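A look at the structure
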Amino acid sequence: FIGVLNRFRLEPVAFMADIQAMFYQVRVPEDQRSFLRFLWWDEGNLSSHIEEYEMCVHLFGAVSSPSISNYALRKTAIDNKECYGKDAAEVIMKNFYVDDLLKSVSSENYAGELIQRVQSMCAAGGFNLSKFSCISKYVLLCIPEDMRREGVKDYDLIKEKLPSERALGVHWNVETDEIGFKVSLKEKKTTKRGMLSMLSSFYDPLGLASPFVLKGRKILQELCQRGLQWDEKIPEDYQRKWEVWKQDLVQLEKIGLKRCVKPANFGKIVECSLHNFSDASELGYGESSYIRLVDEYGKIHCTLLMGKARVTPLKFVSIPRLELVAAVLAVKISAQLKREMGIQVDEENFWT
């Protein structure tokens, strides 16, 4: 999942799509259909005769459906690699998360041609790849209107701005090509349960807002330390802290980070390094990982890739030990980035 998001940031021309009713395209073997048996009353009349049915295809809600459907999709890529190309097969193998496709490539022409081959490869396995969105209006014009996402079907692609999308839950401003946050605050009771619900609803898989979210988590941890019940009213001083944190939460919508790690008109990359910073305090500990690129003309560009922050444990831990825990976290995140991004990293640096 994190790998798909980070690979989505590697090249300037990005597009996304998803497979229509993916689970329903994968049949269940006859000898296994009894595992998906269900009872049915005709027209919902509970006094009528009960019918027994078995699903012939996989359904949404079954624990096994995502893994089985993904296996079928990958098998499609393996079986059709010779016909539609190795690069199209790699898109299916590395750039899908269940039914969602996120991919970035180096040029518009290649994007349009690759989309056609990936779409044909999916169709060979019975999967209909549709709901396309792309940063390039040229590429979108090459895609039939009925195959585009709802937001760009009726748009005048020449005059109007492209709408924002959600890429695996991450807010993506397609027009500016930035990833950021869309904050929707739902009123919750100011109790531990309501606070936990609000913290859990804030989605930030890349940890770009980790330093800010850490403050909210710390407030909740202190309330747990005081032994408050889940639905008990919290003290007034903590209510004030929480309200200030909520007001600041809305300000995150003003923050945007460029999706692509390479700026426009950046030359051929001759050096790539990862820089991982870790730190700790009485409040918490965390790390942030940056990619540093150098092109053939000596230009340097750095971009934040990922962050992670955690509150300090309730049990006392010394600052030097927390510094070491943060360093270990940095090593793990860096290893994950190197493994998932699939690019040549010439140097790996750790700062603490």
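As the structure is a prediction and not an experimental result, all values here were calculated from the model.

1. Quick notes on the sheet that holds strand β11 (residues 269-280)
Spatially, β13-β12-β11-β14 is the arrangement adopted by the 4 strands of the open sheet, whose pairing is mixed. Sheet topology places β13 (300-311) and β14 (347-351) at the edges, where each strand pairs with a single neighbour. Ignoring strand direction, the axes of neighbouring strands in this sheet form an average angle of 15°. Alignment of β11 against strand β12 (residues 284-295), held across 11 bridges, turns out to be antiparallel. Looking across to β12, one finds that H275 is bridged to Y290.

2. Focus: the pattern of salt bridges
Applying the stated rule across the entire model yields 13 salt bridges. R37 is the partner of E52 in a salt bridge, and the nearest nitrogen-oxygen pair spans 3.6 Å. Of the two residues, E52 is situated in strand β3 (residues 50-54) and R37 in strand β2 (residues 37-41); the sequence distance between them amounts to 15 residues. Judged by its relative accessible area of 53%, E52 falls in the exposed class. Within this structure, R37, E52 and E54 form a network of salt bridges that share partners.

3. Thoughts on the packing of aromatic side chains
Counted according to the given criterion, the structure contains 8 aromatic pairs. Arranged with centres 5.5 Å apart and planes meeting at 20°, the rings of F181 and F202 form a pair that is stacked. In this pair, F181 is assigned in the loop between β9 (178-180) and α8 (192-201) and F202 in the loop between α8 and α9 (210-225), connecting sequence segments 21 residues apart. Each member of the pair, F181 as well as F202, is classed as buried. Within the aromatic cluster, the residues linked to one another by ring pairs are F212, W242 and W245. In this structure, K192 packs its charged tip against the face of W230, placed 4.4 Å from the ring centre. Here K241 stacks its cationic end above the ring of Y238, 4.8 Å away from the centre of that ring.

4. As for helix α10 (residues 236-249)
Between the first and last C-alpha of α10 there are 20 Å, a value that for 14 residues agrees with the 20 Å anticipated at 1.5 Å per step. Buried residues of α10: Y238, W242, W245, K246 and L249, and no others. One side of α10 holds all its buried residues, which, seen down the axis, span an arc of 100°. Turned more than 90 degrees off the buried face of α10, the exposed positions are E236, R240 and Q247.

5. Description of the packing of α9 against α10
Close contact between α9 and α10 brings their axes to 10 Å; oriented N to C, the two are set at 160°. As the angle between them shows, α9 and α10 are arranged roughly antiparallel. Remark: the crossing between α9 and α10 carries left-handed chirality. Residues F212, V213, K215, G216, I219, E222 and L223 of α9 lie in contact with α10, whose contacting residues are Y238, K241, W242, W245, D248 and L249. Within the contact of α9 with α10, the residues separate by chemical class into 8 nonpolar, 1 polar and 4 charged.

6. Looking at the confidence of the model for the protein chain
Per-chain confidence: the protein chain averages 89 in pLDDT, with 97% of residues scoring 70 or above. Ranking the helices and strands of the protein chain by mean pLDDT puts β14 first, with 95, and helix α7 (residues 150-153) last, with 67.

7. Let's talk about the environment of H49
Mapped onto the elements, H49 comes out in the loop between β2 and β3. In the structure, H49 is positioned 189 residues away from Y238 in sequence and 58 Å away in space, judged by C-alpha atoms.

8. A closer look at the sheet that holds strand β8 (residues 170-173)
If you walk across this open sheet you meet the 4 strands as β7-β8-β9-β10, and the pairing is antiparallel. One side of each edge strand has no neighbouring strand; the edge strands of this open sheet are β7 (165-167) and β10 (256-258). Between one strand and the next, the sheet's axes are offset by a mean angle of 40°, whatever the strand orientation. Note: β7 against β8, 3 bridges, orientation antiparallel. Residue A167 lies in a different strand from β8, and its bridge partner there is V170.

9. Brief notes about a nonpolar patch on the surface
Judged by side-chain polarity, F1, Y97 and Y203 come together as a nonpolar surface patch covering roughly 280 Å² of accessible area. Tracing the backbone shows F1 in the segment before α1 (2-7).

10. Regarding the pairing of strand β5 (residues 100-105)
A regular strand places its side chains on the two faces of the sheet in alternate fashion. Burial within β5 is extensive, with 5 of its 6 residues counted as buried. Pairing between strand β1 (residues 13-19) and β5: 6 bridges, direction antiparallel. From the neighbouring strand, V13 faces β5, where its bridge partner is V105. As paired strands, strand β4 (residues 96-97) and β5 are joined by 2 bridges and run antiparallel to one another. Across the sheet, residue F96 finds its bridge partner in β5, namely L101. Between the antiparallel neighbours β4 and β5 lie 2 residues, among them V98 with a positive phi of about 55°.

Basis of the calculations
Residues numbered from 1 in each chain as written. Predicted model: local features only at pLDDT ≥ 70, side-chain atom pairs only at ≥ 80, totals over all residues. Heavy atoms only, no water. Pairing = 2+ DSSP bridges. Helix = DSSP H or I, 4+ residues; strand = E, 2+ residues; numbered from the N terminus. Axes fitted to C-alpha atoms, helices over the stretch in contact; angles between N-to-C directions. Salt bridge = Lys/Arg side-chain N within 4 Å of Asp/Glu carboxyl O. Buried < 20%, exposed > 50% of the residue type's maximum accessible area, 1.4 Å probe, protein only. Phe/Tyr/Trp six-rings, centres within 6.5 Å; stacked < 30°, edge-to-face > 60°. Lys NZ or Arg CZ within 6 Å of the ring centre and 35° of its normal. Expected span 1.5 Å × (residues − 1). Arc of directions from axis to C-beta. Parallel < 35°, antiparallel > 145°, perpendicular 65-115°, else oblique. Left-handed = near helix turned anticlockwise from the far one by under 90°. Contact = heavy atoms within 4.5 Å. Nonpolar A, V, L, I, M, F, W, Y, C, P; charged D, E, K, R; others polar. pLDDT = per-residue confidence, 0-100. Patch = residues over 30% accessible without salt bridge, like charges linked within 9 Å, V, L, I, M, F, W, Y side chains within 5 Å. Areas by Shrake-Rupley, 256 points an atom, 1.4 Å probe, with all protein chains shown as cover.

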